[in-house]
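# Architecture and fold: a report
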Amino acid sequence: MTEFVKSELADGVLTLTLARPDKMNAITNAMYAALADALETAEKDRAIRAVVFQGDGDHFTAGNDMGDFAAQSKDPSIVAHSPRFITNLGIATKPLIAAVQGNAVGIGTTMLLHCDLVYVAPTARLITPFVNIALVPEAASTHLLQGRIGYARAYEMFALGEPMSGETAVSLGLVNAVVPVEELRKKAREAALKLARQPAGSLSHTKALMRDTALITAQINREGAILKERLKGPEAREALTAFAERRKPDFSKIAG
């Protein structure tokens, strides 16, 4: 497991911590591999009864490490592990809990749609800037987000990529509660411990009844196929080039 993902199992709760605070916990391919492996372990290990996601520092995650992501897009020999992590989120049967402070960008927001309980600090900002970088949303979020908050608000989040505050996310039913940042991890762990004491079989069946896993998996695959095609196109090239050159992309002369 990469040093940037810390894993701790205690009292039936597996805590996964994004530990790259100097980079706002931007997720590299190696980190995705570690997270995907951890979820696979959680499914197999009966001692693990709940999983908590959290991030070190002032932010949950800045989303994909763009430098790492750009390198992957240029080298087809690199095996990308983000699809495996996303798929594992979609099919997870154990309770997933998240503690979110600061920015939750891209996957930092879409992964929350697969968490059963989400607690956010007052500093939390949920951001889905996929269109801003000429891509499309992932993790079945095109299905799950509008199911939570309605088409109009979901489209606004995706198409404009503007931040949503934790307070707004609570009011829309997207997350459970705003918690003072100094109490955030404690709140998430207490909830995880409470779930770990519940009958595991009953919890897994309840989750299965509330989530259409086949539909979620199909949407993940559909989004992934479109994303791959988008990465080959001129808009994505402009977005990645602009990022490398530290400028705003100009899509005005590129056809859709």
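Quick notes on the rules
- Residues numbered from 1 in each chain as written.
- Predicted model: local features only at pLDDT ≥ 70, side-chain atom pairs only at ≥ 80, totals over all residues.
- Heavy atoms only, no water.
- UniProt positions renumbered as here; feature names shortened; annotations may be inferred.
- Core = buried A, V, L, I, M, F, W, Y, C linked by side-chain atoms within 4.5 Å.
- Buried < 20%, exposed > 50% of the residue type's maximum accessible area, 1.4 Å probe, protein only.
- Helix = DSSP H or I, 4+ residues; strand = E, 2+ residues; numbered from the N terminus.
- Contact = heavy atoms within 4.5 Å.
- Pairing = 2+ DSSP bridges.
- Arc of directions from axis to C-beta.
- Phe/Tyr/Trp six-rings, centres within 6.5 Å; stacked < 30°, edge-to-face > 60°.
- Lys NZ or Arg CZ within 6 Å of the ring centre and 35° of its normal.
- pLDDT = per-residue confidence, 0-100.

The protein chain appears in an unreviewed UniProt entry as Enoyl-CoA hydratase from Afipia broomeae ATCC 49717. Regarding the protein chain, the UniProt comment filed under Sequence similarities (unreviewed entry) reads as follows: "Belongs to the enoyl-CoA hydratase/isomerase family." As stated in UniProt under Subcellular location (unreviewed entry), the record for the protein chain gives "Peroxisome".

## With respect to the nonpolar core
Within soluble globular proteins, side chains that are nonpolar tend to cluster in buried spots. Ranked by size, the top nonpolar core spans 50 residues in total, and within it Val51, Phe53, Phe85, Val100, Leu126 and Leu174 carry the most contacts. Ranked by the residues each element gives to this core, the list is headed by helix α1 (residues 29-44), at eight residues. Grouped together as the second largest cluster of nonpolar side chains are 15 residues, Val52, Tyr119, Ala121 and Ala192 included.

## Looking at the side chain of Lys207
One can find Lys207 in helix α9 (residues 200-210). Setting aside chain neighbours within four positions, we find Lys207 in contact with Ala92, Thr93, Lys94, Pro95, Leu96, His114 and Asp116.

## Things to note about the sheet that holds strand β6 (residues 117-120)
What the six strands build is an open sheet, ordered β1-β2-β3-β4-β6-β9; its pairing is mixed. Two strands bound the open sheet, and with one partner strand each, they are β1 (5-10) and β9 (177-178). Across six bridges, the pairing between strand β2 (residues 13-18) and strand β3 (residues 50-55) is parallel. In the strand pairing of β3, Val13 is matched with Ala50.

## Describing the pairing of β2
Among the six residues that make up β2, six are buried, leaving the element largely enclosed by the rest of the structure. Every second residue of β2 is oriented toward a common face, with Val13, Thr15 and Thr17 on one face and Leu14, Leu16 and Leu18 on the other, all of them buried. When β1 meets β2, the two strands line up antiparallel, connected through six bridges. Among the inter-strand pairings, Lys6 is bridged to a residue of β2, identified as Thr17.

## Section: helix α5 (residues 141-149)
When α5 is considered as a whole, its buried residues turn out to be Ser141, Leu144, Leu145 and Ile149. Axial view of α5: buried residues confined to an arc of 105°, hence all on one face. Once α5 ends, the next one or two residues include Gly150, with phi positive near 90°.

## A look at the packing of aromatic side chains
Under the definition given, this model contains three aromatic pairs. Ring plane angle 80° and centroid distance 6.3 Å describe the contact between Phe53 and Phe85, whose orientation is recorded as edge-to-face. Taken together, the residues Phe53 in strand β3 and Phe85 in helix α3 (residues 82-91) connect sequence positions 32 residues apart. When sorted by exposure, Phe53 lands in the same class as Phe85, which is buried. Taken together, a centroid distance of 5.9 Å and an interplanar angle of 15° make the contact between Tyr151 and Tyr155 stacked. Taken together, the residues Tyr151 and Tyr155, both in helix α6 (residues 151-160) and four residues apart, mark about one turn of the helix. Joined through ring pairs, the aromatic side chains of Tyr32, Phe53 and Phe85 make up one cluster. In this structure, Arg20 is placed above the aromatic ring of Phe4, and the distance from its NZ or CZ to the ring centre is 5.6 Å.

## A word on the environment of Met164
With respect to the element layout, Met164 can be found in strand β8 (residues 164-165). Here Met164 falls in the buried class, since its relative accessible area comes to 9%. Sequence spacing of Met164 and Ala242 is 78 residues, and the spatial spacing of their C-alpha atoms is 25 Å. The contact partners of Met164, leaving out residues within four places of it in the chain, are Ala124, Arg125, Leu126, Ile149, Met157, Ala169, Leu172 and Leu174.

## Points about the sheet that holds strand β7 (residues 125-127)
Hydrogen bonds between backbone groups are what pair the strands of a sheet, and the pairing can be parallel or antiparallel. The strand order across the open sheet built from three strands is β5-β7-β8, with neighbouring strands paired in mixed fashion. A single partner strand is all that each edge strand has here, and the edge strands are β5 (103-105) and β8. Bridge count between β5 and β7: three bridges; the pairing is parallel. Bridging from a neighbouring strand, Asn103 pairs with Arg125 of β7.

## Concerning the confidence of the model for the protein chain
Put simply, the protein chain has an average pLDDT of 95, and 99% of its residues get 70 or more. Across the protein chain, the element-wise mean pLDDT spans from 81 in helix α2 (residues 66-74) up to 99 in strand β4 (residues 96-100).

## Details of the environment of Ser204
Relative to the elements of secondary structure, Ser204 occurs in helix α9. For Ser204, a relative accessible area of 24% gives the class partly exposed. Ser204 sits 33 residues away from Ser171 along the chain, and the two C-alpha atoms are 27 Å apart.

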